[in-house]
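Listed below are the residues making up each chain.
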Amino acid sequence: GIQVEQSPPDLILQEGANSTLRCNFSDSVNNLQWFHQNPWGQLINLFYIPSGTKQNGRLSATTVATERYSLLYISSSQTTDSGVYFCAVALGGGADGLTFGKGTHLIIQP
Amino acid sequence: GAGVSQTPSNKVTEKGKYVELRCDPISGHTALYWYRQSLGQGPEFLIYFQGTGAADDSGLPNDRFFAVRPEGSVSTLKIQRTERGDSAVYLCASSSRGGEGLNIQYFGAGTRLSVL
């Protein structure tokens, strides 16, 4: 099956810092989503981005499908950004189960 | 409801018992998914439904696990003869029909299952 690798596994930053999280995947995908899992365990949708670039406030994401990677950028970090960030992909173009990476555990210190 | 609802939020059971976990998807969503998340790992796909039928059950670990969605809305994940290794958070997600909407999955808060 498809492999998803996320880096770094852990990241500790001061409030206000910027960060880049990376997701590499082993095959061509038609679905790629970024999620934030908050300390209570809820998975929150950030981006649906199988290709191209999107921005939402302080967050933006870029997927280069031909090179099989995606990047999530967080600018001006806040303590509420803490949690685990997951990249998840699927090969199919319709409704398919997602394959998740192991996540990046982000801690923002005040 | 506004989001995906899962009940119970926590379930403690004894080894060998039978459990049922319920998922109520976002109203109108035709696709429903079950995942399992162990501590420190990303969610792992179990099964997905398109309407009432299981379109892909390749992630179910063994025949002790079974899921149904009889009316194409609420789904129940059933685990027979529970084992301590079944302890995990079970997550449900749903997505809407058509175009890009079919691919975006929205998750519930999960059911934390503890098998003693």
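Basis of the calculations
Residues numbered from 1 in each chain as written. Chains lettered and ligands numbered in written order. Predicted model: local features only at pLDDT ≥ 70, side-chain atom pairs only at ≥ 80, totals over all residues. Heavy atoms only, no water. Helix = DSSP H or I, 4+ residues; strand = E, 2+ residues; numbered from the N terminus. Contact = heavy atoms within 4.5 Å. Core = buried A, V, L, I, M, F, W, Y, C linked by side-chain atoms within 4.5 Å. Buried < 20%, exposed > 50% of the residue type's maximum accessible area, 1.4 Å probe, protein only. Salt bridge = Lys/Arg side-chain N within 4 Å of Asp/Glu carboxyl O. Pairing = 2+ DSSP bridges. Buried area = accessible area lost by both parts, 1.4 Å probe. Polar contact = N/O pair within 3.5 Å; in protein donor to acceptor, adjacent residues only side chain to side chain. Phe/Tyr/Trp six-rings, centres within 6.5 Å; stacked < 30°, edge-to-face > 60°. Axes fitted to C-alpha atoms, helices over the stretch in contact; angles between N-to-C directions.

*Asks:* I tried to follow the environment of proline 61 of chain B on my own but got confused; where do I start?
*Replies:* Residues and elements named next belong to chain B. Relative to the helices and strands, proline 61 resides in the loop between strand 6 (53-56) and strand 7 (65-68). As a C-alpha pair, proline 61 and leucine 46 span 15 residues in sequence and 7.6 Å in three-dimensional space. With sequence-adjacent residues up to four places away left out, proline 61 is seen in contact with Arg36 and Leu46.

*Asks:* Help me out: how do you make sense of the nonpolar core in this one?
*Replies:* Within soluble globular proteins, side chains that are nonpolar tend to cluster in buried spots. By size, the foremost hydrophobic cluster in this structure holds 21 residues, and its most contacted members are Phe25, Leu32, Trp34, Leu72, Cys87, Val89 and Leu106 of chain A. Among the secondary structure elements, those contributing two or more residues to this core are strand 2 (10-14), strand 3 (19-25), strand 4 (31-37), strand 7 (59-64), strand 8 (69-74), strand 9 (83-90) and strand 11 (104-109) of chain A.

*Asks:* What is the right way to read the pattern of salt bridges from this model?
*Replies:* Opposite charge on two side chains lets them pair, provided their charged atoms get close. Residues and elements named next belong to chain A. Counted by the stated rule, this structure contains 3 salt bridges over all chains. We note a salt bridge from arginine 58 to aspartate 81, for which the minimum N-O separation is 2.9 Å. Placement of the pair is arginine 58 in the loop between strand 6 (52-56) and strand 7 and aspartate 81 in the loop between strand 8 and strand 9, with a sequence separation of 23 residues. The class of aspartate 81 is buried, set by a relative accessible area of 7%.

*Asks:* Mind showing me how you'd approach the pairing of strand 3 (residues 19-24) of chain B here?
*Replies:* Each regular strand carries side chains that alternate between the two faces of the sheet. Residues and elements named next belong to chain B. Residues Val19, Leu21 and Cys23 line the buried face of strand 3, whereas the alternating positions Glu20, Arg22 and Asp24 sit on a face that is not buried. Bridge count for strand 3 against strand 8 (residues 75-79) is 5 bridges, and the pairing is antiparallel. Along strand 8, the bridge assignment pairs leucine 21 with leucine 77.

*Asks:* It is not clear to me how the interface of chain A and chain B should be interpreted in this structure. Could you clarify?
*Replies:* Reports of interface size often rely on the accessible area that becomes lost once the parts have come together. Counting residues at the interface gives 20 residues for chain A and 21 residues for chain B. In total, about 1600 Å² of surface goes out of reach between chain A and chain B, with carbon and sulfur atoms giving 51% of it. The tally of links between chain A and chain B comes to 0 salt bridges. Viewed at the interface, chain B and chain A are joined by 8 residue pairs in polar contact (both at pLDDT 80 or more).

*Asks:* I tried to follow the packing of aromatic side chains on my own but got confused; where do I start?
*Replies:* The geometry of an aromatic ring pair comes down to the distance between the two centres and the angle between the two planes. A full pass over the atoms with the stated rule returns 9 aromatic pairs over all chains. Linked through ring pairs, Phe35, Phe86 and Phe100 of chain A together with Tyr33, Tyr35, Phe45, Tyr48 and Phe107 of chain B together constitute an aromatic cluster.

*Asks:* Before we go on, may I ask you to explain the sheet that holds strand 3 of chain B in this structure?
*Replies:* To summarise the sheet geometry, strands pair through backbone hydrogen bonds and adopt either a parallel or an antiparallel arrangement. All names here are of chain B. Reading across the sheet, the 4 strands line up as 1-3-8-7 and stay open at both edges, with antiparallel pairing between neighbours. Lying at the two open borders of the sheet, with one neighbouring strand each, are strand 1 (5-7) and strand 7. Neighbour-to-neighbour, the strand axes of this sheet turn through a mean angle of 15°, independent of strand direction. Here strand 7 runs beside strand 8; their pairing, made up of 4 bridges, is antiparallel. Paired with valine 68 across the bridge in strand 8 is threonine 76.

*Asks:* Help me understand the side chain of serine 77 of chain A, please; the structure alone is not making it clear to me.
*Replies:* Residue and element names in this part refer to chain A. The residue serine 77 is located in the loop between strand 8 and strand 9 in this model. Residue classification places serine 77 among the buried residues on the basis of a relative accessible area of 1%. Look past the residues within four positions of serine 77 in its chain and what remains in contact with it is Leu13, Glu15, Gly16, Ala17, Ser19, Arg58 and Ile108.

*Asks:* Mind showing me how you'd approach the environment of alanine 88 of chain A here?
*Replies:* All names here are of chain A. For alanine 88, the location among the structural elements is in strand 9. Between the C-alpha atom of alanine 88 and that of serine 51, which follows or precedes it by 37 residues, the distance is 13 Å. Once you skip the residues sitting within four places of it in the chain, alanine 88 turns out to touch Asn31, Leu32, Gln33, Phe35, Leu98, Thr99 and Phe100.

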